Amino acid sequence: MAAFFSPFISKPDSVAQIMLKVLLALLPGIAMYVWYFGPAILVSLTLASITALATEAAMLKLRNRPVAPFLKDNSALLTGWLLALSIPPLAPWWLVVVGTAFCIAVAKHLYGGLGNNPFNPAMIGYAVLIISFPVQMTHWLTPHGLGTTELTFADQLAYIFSSTLPEGVKLDAITMATPLDNLKTHLHLDEHVSDILNMPIYGRLAGQGSEMVAWGFLLGGAYLLASRIISWHIPAVYLGTLFAIAGVFHLVDPAHYVTPLFHWFSGAAMIGAFFILTDPITSPTTHKGKLVFAAGAGLLTYLIRVYGGFPDGMAFATLLMNICVPLIDTYTQPPVFGKKDGVSGNKEKH
Amino acid sequence: MTYQEFKDIFYNGLWKQNTGVVQLLGLCPILAVSSSVVNGVSLGIATAVVMALSGAAIAPIRNVVPNEARIPVFILIIAVLVTVVQYAMNAYMYTLYVVLGIFIPLIVTNCIVLARIEAFASKQPPLQSATDGFAMGLGLTAVLAILGGVRELFGHGTLLSGIDMVFGATAKSWVITVVPGYHGFLLAILPPGAFVTLGLLIALKNWINLRAEQKKSQRSIAILPATAG
């Protein structure tokens, strides 16, 4: 008896499969990272992966949950990777470990585990680290060909694990401020955008090297869109809003405001648009809600980047919009058939 | 006042109705001054003293004060007592007084003080009221001590820093450096760290209660077959 009947519905991907695809989609960006900044990022990714899995296992054990099935869902791994990609690759090993452990233990499991966390765990980890260790969080690697000296992989390992540099090498020679940070500093000195962008650390669109990493994430994001893991709403509206605001400012005063493309290809805008804001747990469920959420995040990213004290606005914009998700979800619920009002249906009575 | 009454009041203040982790009243000073053990305990003791004195002062007049005017009258009495404590600290522990700053006069508006007056002292005799105020204040002090200890340890790697503000310069050597050469974890010192730590403390308290209940029910289950058989 092998008769099959309609409807023929394909089985949806499991959480583990979706997470695996997202991890795969990060690979082009990581490849670009290794190409332009050296293999240090692979060390922090490994550290983050180990810590994420260990913390996940420990927390599941403490909460009396089955360890193996949850460990295999790859979600902890994704959190660890996203955090490792948002902090400097040359950061000391304990920075990655503390940040990842905080992400998983506090931001994920104390809120009830996968599916219950109101905030993006990786961004909570980033916020904790940048607030607690501002110095270590600003030592970004100089891309190949720009620094006066370059570290071998062994030197990078030595620095990550014991904070020692080869003799005669100063930390300043191998690290630099991010392009966004550098831009902000020089704008404060009353320099013009066109002069600042002539500095060697800038490439075609944004920072040398880092713009290529952003292209890598854009490519991975395109794969996520094509395989329907994410919908177009959040990335399109987020990048659109960022482009529109930056465009208006740039058109009005090009001497003091960089092009919208600069904003797209620097900092965490690309990885944020496709990998962080689109987290299904911490973003609104309705399409209309996603539009509001992404537009708010775009606006906040721009404001924090241009007027704020932090080098990038992506993480805080995400967290601030995460808080608004329940509210957005309440007011963007599509009306139930037969009722006029989507929110409560009570208005008819009045 | 019977011994049982006395015990109940202290059990309520220190554990069952703890102001810091159960009633969650007066969170503003709890979160603001608990960045170190010394700061936390100092404000905790100051609050405990005010609460004990105000309990003792208000309970005798509880039947005389007209119900409509009770809040301003109580606040006025509390304010007088806080002023006394404030001037005493200004005179004898000046550095600590400067560190705690606005949070000493703000004890007046700390809702935990008025809450205990309303809930307890306006209905009970003076001795019980004073004991209740003191026990509640002690419970608050304990929470502030733990909170301050955890935040100081994670934030700076020390314990009892600033103890010289209370006991004079000779006490400087009492400061315990738990982790020498510590990097410092700024989050623990900043206000978000206070929220996170307090949340963890509340969770710990609930967990202990839960465990105690589970053990109790297990014991009664274990006893049942014996009695039934």
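Residues numbered from 1 in each chain as written. Chains lettered and ligands numbered in written order. Predicted model: local features only at pLDDT ≥ 70, side-chain atom pairs only at ≥ 80, totals over all residues.

**Q** Would you explain the overall build of chain B in this entry?
**A** When you go through chain B residue by residue, the secondary structure sums to 11 helices and two strands. Along chain B, helices and strands appear, N-terminal first, in the series α-α-α-α-α-α-α-α-β-α-β-α-α. Along the first, second and third principal axes, the C-alpha set of chain B runs to 65 × 55 × 30 Å. Burial analysis of chain B (229 residues in total) assigns 36% to the buried set. Residue pairs in contact within chain B that sit at least 24 positions apart in sequence constitute 79% of those at least 6 positions apart. (Helix = DSSP H or I, 4+ residues; strand = E, 2+ residues; numbered from the N terminus. Buried ≥ 20, exposed ≤ 12 C-beta atoms within 10 Å, placed from the backbone. Contact = placed C-beta atoms within 7 Å.)

**Q** Quick question: what am I supposed to make of the overall build of chain A here?
**A** Within chain A one finds 16 helices and two strands. Relative to the 2.2 N^0.38 estimate, which gives 20 Å for 350 residues, the radius of gyration of chain A is 22 Å and therefore close to what a compact globule would have. Overall, chain A is about 75 × 50 × 40 Å in size when its C-alpha atoms are taken along their principal axes. Within the span of chain A, comprising 350 residues, buried residues form 46% of the whole. Intrachain contacts of chain A at a sequence separation of at least 6 include 73% that bridge at least 24 residues. (Rg over C-alpha atoms; globule rule 2.2 N^0.38 Å.)

**Q** How should I be thinking about helix α7 (residues 153-162) of chain A in this particular structure?
**A** Residues and elements named next belong to chain A. Restricting attention to buried positions, one finds in α7 the residues Gln156, Tyr159 and Ile160. For α7, the arc enclosing every buried residue in end-on projection is 95°, short of the 170-degree limit, so these residues lie on one face. Turned more than 90 degrees away from the buried face of α7 sit Ala154 and Ser162, all of them exposed. If you follow the buried residues of α7, they end up packed against α2 (40-62) and α5 (93-109). (Arc of directions from axis to C-beta.)

**Q** Would you take a moment to explain the interface of chain A and chain B for this structure?
**A** The parts lose accessible area when they come together, and the size of an interface is often stated as this lost area. Each partner contributes to the interface: chain A provides four residues, whereas chain B provides five residues. If you tally residues by element for the side of chain A that touches chain B, the top one is helix α6 (residues 121-132) of chain A, at three residues.

**Q** Can you walk me through the packing of α2(A) against helix α4 (residues 75-86) of chain A in this structure?
**A** The angle between the axes and the distance between the axes are what describe a pair of packed helices. All names here are of chain A. Following both chains from N to C, one finds α2 and α4 inclined at 145°, their axes separated by 8 Å at the closest point. Here the hand of the crossing between α2 and α4 comes out right-handed. Contacts between α2 and α4 pair Ser44, Leu45, Ala48, Ser49, Thr51, Ala52, Leu53 and Glu56 from the former with Ala76, Leu77, Thr79, Gly80, Trp81, Leu83 and Ala84 from the latter. Its residues assigned to classes, the contact of α2 with α4 comprises nine nonpolar, five polar and one charged. (Axes fitted to C-alpha atoms, helices over the stretch in contact; angles between N-to-C directions. Left-handed = near helix turned anticlockwise from the far one by under 90°. Nonpolar A, V, L, I, M, F, W, Y, C, P; charged D, E, K, R; others polar.)

**Q** Please clarify how the nonpolar core should be interpreted in this entry.
**A** Within soluble globular proteins, side chains that are nonpolar generally end up buried alongside one another. Core analysis: the largest hydrophobic core is formed by 107 residues, its most contacted members being A:Trp81, A:Ile87, A:Met123, A:Tyr126, A:Ala127, A:Tyr238 and A:Met270. Of all the elements, helix α1 (residues 15-37) of chain A adds the most residues to this core, at 10 residues. What A:Met123 contacts, discounting residues up to four positions off in sequence, is A:Ile276, A:Ala315, A:Thr318 and A:Leu319. The next biggest cluster of nonpolar side chains, apart from the first, holds 45 residues, and it includes B:Val38, B:Ala48, B:Met165 and B:Leu198. (Core = buried A, V, L, I, M, F, W, Y, C linked by C-beta atoms within 7 Å.)

**Q** What should I look at first to understand unusual backbone geometry in this one?
**A** It is generally the case that most residues other than glycine have a negative phi and that most peptide bonds are trans. The backbone of A:Asn74 shows a phi angle near 65°, a positive value even though the residue is not glycine. Here A:Asn74 lies in the loop between α3 (67-71) and α4. We note that B:Leu160 has phi near 65°; this positive angle belongs to a residue other than glycine. Structurally, B:Leu160 can be placed in the loop between β1 (158-159) and α9 (164-167).

**Q** Can you walk me through the packing of α1(A) against α2(A) in this structure?
**A** Residue and element names in this part refer to chain A. Where α1 contacts α2, the axes come no closer than 8 Å and their chain directions differ by 135°. On the basis of the axis angle, α1 is oblique to α2. Residue-level inspection shows Ile30, Tyr33, Val34 and Phe37 of α1 in contact with α2, the latter providing Ala40, Ile41 and Leu42. Split into classes, the residues belonging to the contact of α1 with α2 amount to seven nonpolar, no polar and no charged. (Parallel < 35°, antiparallel > 145°, perpendicular 65-115°, else oblique.)

**Q** Which parts of the structure should I look at to understand the environment of A:Arg305?
**A** Residues and elements named next belong to chain A. Inspection of the secondary structure puts Arg305 in helix α15 (residues 287-307). A count of 25 C-beta atoms within 10 Å places Arg305 in the buried class. Sequence spacing of Arg305 and Lys290 is 15 residues, and the spatial spacing of their C-alpha atoms is 22 Å. Among all residues touching Arg305, those that are not within four sequence positions of it are Leu180, Asp312 and Gly313.

**Q** In this structure, what is going on with the environment of B:Val73? I would like to understand it.
**A** Residue and element names in this part refer to chain B. You can see Val73 is positioned in helix α5 (residues 70-92). Of the residues examined, Val73 has 14 C-beta atoms within 10 Å and is grouped as partly exposed. Distance in space between the C-alpha atoms of Val73 and Ile58 is 9.2 Å, their sequence separation being 15 residues.

**Q** Just checking my understanding: could you explain helix α16 (residues 314-331) of chain A for this structure?
**A** Side chains that are three or four residues apart share a direction in an α-helix, a result of its 3.6 residues per turn. Residues and elements named next belong to chain A. Under the 1.5 Å per step criterion, the end-to-end length of α16 is 25 Å for 18 residues, consistent within 8% with the ideal 26 Å. Along α16, the sharpest kink reaches roughly 45°, centred on Cys324 and followed within four residues by the proline Pro326. Buried within α16 we find Met314, Ala315, Phe316, Ala317, Thr318, Leu319, Met321, Asn322, Val325 and Ile328. Taken together, the buried residues of α16 touch α4, α6, α14 (269-276) and α15. (Expected span 1.5 Å × (residues − 1). Bend = angle between axes of the 7 residues up to and from the residue.)

**Q** I'm lost on the confidence of the model for chain A in this one. Help?
**A** Low pLDDT marks regions whose predicted coordinates should not be analysed in detail. Residues and elements named next belong to chain A. Residues with a pLDDT of 70 or more make up 95% of chain A, whose mean pLDDT is 87. No element of chain A has a lower mean pLDDT than helix α8 (residues 171-174), which averages 75, and none a higher one than helix α12 (residues 233-252), which averages 95. Predicted confidence for residues 345-350 stays below pLDDT 50, and this span has six contacts to residues more than four positions away or in other chains. (pLDDT = per-residue confidence, 0-100.)

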